[in-house]
Amino acid sequence: MAYAPVIRPGRLPTSIDDAGDVAEPDRPAEAARFDAAASAVATRLRDRAAHATGAASEVLAATATLAQDRAWLAAAEKRIATGAPAVRAVIGAVDQFAEMFTKLGGLMAERVTDLRDIRDRVIAELNGLPEPGVPMPAAPSILCADDLAPADTAGLDPTLVVALATTLGGPTSHTAIIARQLGIPCVVAVEGLDAVEAGTMVLVDGTAGTVIVTPDSASADQAVEAARQDAERAAGWSGPGATSDGHAVAVLANVQDGAAARAARDTAAEGIGLFRTELCFLNRETEPTVDEQTDIYAEVLDAFAGHKVVVRTLDAGSDKPLKFAEHPNEANPALGVRGIRVAGINPALLDRQLEAIAAAAKRTGNPPWVMAPMIATAQEAEHFAAQVRSHGLTPGVMIEVPAAALLADRILEHVDFLSIGTNDLAQYTMAADRMSAELAALTDPWQPAVLTLVAMAARAGASVGKPVGVCGEAAADPLLACVLAGLGVTSLSAAAAAVQGVGAKLAQVSLQQCRDAADAVLAASTAAQARAAALSALE
Ligand code: PEP
Ligand code: MG
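Residues numbered from 1 in each chain as written. Chains lettered and ligands numbered in written order. Predicted model: local features only at pLDDT ≥ 70, side-chain atom pairs only at ≥ 80, totals over all residues. Heavy atoms only, no water.

Draft legend 1. Local environment of the coordination of the magnesium ion (ligand 2). Protein-derived coordination of the magnesium ion (ligand 2) comes from Glu400 (OE) and Asp424 (OD), at a distance range of 2.0 Å. Note that Glu400 is positioned in the loop between strand E11 (394–399) and helix H14 (402–406) and Asp424 in helix H16 (residues 422–430), a separation of 24 residues in sequence. Asp424 gets classed as buried once you look at its relative accessible area, which sits at 2%. (Donors = N, O, S within 2.8 Å, 3.2 Å for Na, K, Ca; no water. Helix = DSSP H or I, 4+ residues; strand = E, 2+ residues; numbered from the N terminus. Buried < 20%, exposed > 50% of the residue type's maximum accessible area, 1.4 Å probe, protein only.)

What follows is the structure, encoded as structure tokens:
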């Protein structure tokens with residue numbers, strides 16, 4: 001919950017400075033103006049890199065270095081020395097280098113986008129305009145935007161951007177997931193957000209998914225205070241995960257790299273329930289070597305030495321394409337070659353990843369459980385399990401496809417555990433794109449049809465005594481987490497920012513209350529009814 005003024009990403013400067021040439025005596029001053037603007041941009045990027053972690057930090061630091069690259073600065077200064085105003089000089093110099101980088105191709109061509117981003121930032125600075133892209137506010141603010149790139153979201157400073165609201169995006173889009181990982185309340189698919197101007201006071205409730213524009217300020221302050229008290233209770237929770245009457249349900253964290261795993265140690269998470277390995281390589285042109293992968297996986301295993309860690313093999317494809325996975329061109333990538341299916345066209349990629357995971361296990365002495373995404377059949381599970389076992393590791397699969405939930409009993413003949421990915425399970429059960437703002441009501445994890453499939457998988461696990469966890473966003477909602485426990489789920493894995501709230505809520509309710517809530521939810525006809533029924537059973 002946050003109540004603060006709105007900021008908006010700066011727009012790209014549309015009109016360029018078409019002033020005539022600068023008179024000779026004024027040129028040194030124009031050059032100084034340019035140097036100051038370029039160095040202000042580089043400093044700001046470096047600051048943002050210092051505040052970010054993982055891939056976002058690296059991207060920002062590399063862009064900052066490029067902003068100070070002598071070659072293009074000199075090219076711009078040369079143009080100023082011959083009379084070009086600074087803005088025209090920047091455009092000319094960047095065009096010159098962009099053309100050169102494009103001709104060189106490969107990694108250099110990739111930098112053209114960064115170079116153009118720097119150009120826009122420097123031009124904005126020269127014109128006294130707000131920086132394009134995500135702004136760095138001076139005081140706590142709420143960022144409202146059409147949409148945000150995952151890398152931009154990852155670079156946000158949670159002490160300054162206290163909430164995020166977007167016009168586009170689905171509740172389980174990766175931007176929303178990263179925001180939650182940072183602990184930033186985030187509401188997506190907000191209608192009428194375009195009309196809300198910078199400076200307007202808004203109240204954002206990330207849990208209920210609401211944005212109230214210019215609310216009564218006394219009640220907004222009250223709501224923020226109530227949320228603060230909840231947060232205080234959550235902060236005081238010290239684990240391990242259990243209901244008030246002692247029924248254990250492990251509360252784990254979802255992470256995407258070593259830095260996030262180390263940050264998760266600040267919570268009472270008992271381990272890592274989902275390590276999304278593909279997120280380490282989204283910007284990679286080429287496949288990371290086995291050694292590089294080993295280093296990255298070992299960082300995560302080290303962060304939770306002596307604790308459970310579940311590594312997911314690459315979930316490449318759909319909204320997370322990896323350049324080196326050789327995805328075919330598909331009209332419908334969410335229903336295409338994604339997750340475990342990539343191993344069908346590129347089996348060596350999975351072999352090398354398993355080799356790296358096994359090497360990291362050996363190096364750290366913390367052998368992880370290993371699971372495959374997007375399993376649809378028992379045969380796929382059988383094949384994957386054999387591969388994982390041949391590396392001496394414990395195999396499991398994700399339940400994200402309705403077919404896998406329906407036949408969970410047959411899948412469990414081959415693997416040692418299941419982990420339910422409610423984000424994709426909702427997408428495929430409801431036939432609704434998880435990225436779609438229009439269909440967000442259908443991809444709501446409270447949909448009784450989705451929870452019925454969760455119940456089937458949980459029952460299948462219980463009948464053979466094998467663990468069944470949930471690692472989708474459903475596990476991050478404290479109320480729904482209690483319902484999942486009532487359905488028989490044995491562990492809950494959520495963004496680190498949600499761990500404390502989930503654990504604290506679970507500790508307040510009895511197993512019988514959770515079971516009553518689960519029964520009520522399965523009997524409901526709509527997501528809203530399910531939520532209301534759970535609320536009354538769990539209060
Ligand atoms: C899911 O689908 O619920 C899941 C955890 O995987 P991802 O969100 O990475 O697709
Ligand atoms: Mg998934």
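Draft legend 2. Just the pairing of strand E3 (residues 161–166), in detail. Burial within E3 is extensive, with 5 of its 6 residues counted as buried. Pairing analysis gives 5 bridges linking strand E2 (residues 141–145) to E3, with the strands arranged parallel. Following the sheet pairing, Leu143 is matched in E3 by Leu164. (Pairing = 2+ DSSP bridges.)

Draft legend 3. Examining the site of ligand 1 more closely. Not every one of the 15 residues close to ligand 1 is listed here, only the nearest: Arg276, Arg312, Lys320, Asn423 and Arg434. The contact in question runs from an oxygen atom of ligand 1 to an N or O atom on the side chain of Asp424, over 2.9 Å. Arg434 places a side-chain nitrogen or oxygen 2.8 Å from an oxygen atom of ligand 1. Surface burial for ligand 1 is 100%, taken as the share of its 290 Å² of free accessible area covered by protein chains. When contributions to the shell around ligand 1 are tallied by element, the ones reaching two or more residues are strand E8 (271–276) and H16. For the shell around ligand 1, the element with the most residues is H16, which contributes 3 residues. (Near = heavy atom within 4 Å. Polar contact = N/O pair within 3.5 Å; in protein donor to acceptor, adjacent residues only side chain to side chain. Areas by Shrake-Rupley, 256 points an atom, 1.4 Å probe, with all protein chains shown as cover.)

Draft legend 4. Representation of a nonpolar patch on the surface in the model. Judged by side-chain polarity, Met100, Leu104 and Met108 come together as a nonpolar surface patch covering roughly 290 Å² of accessible area. Tracing the sequence through the fold places Leu104 in helix H4 (residues 86–104). Looking at Leu104, the relative accessible area reads 58%, which means it is exposed. (Patch = residues over 30% accessible without salt bridge, like charges linked within 9 Å, V, L, I, M, F, W, Y side chains within 5 Å. Salt bridge = Lys/Arg side-chain N within 4 Å of Asp/Glu carboxyl O.)

No statement about biological role is implied by the geometric values presented.
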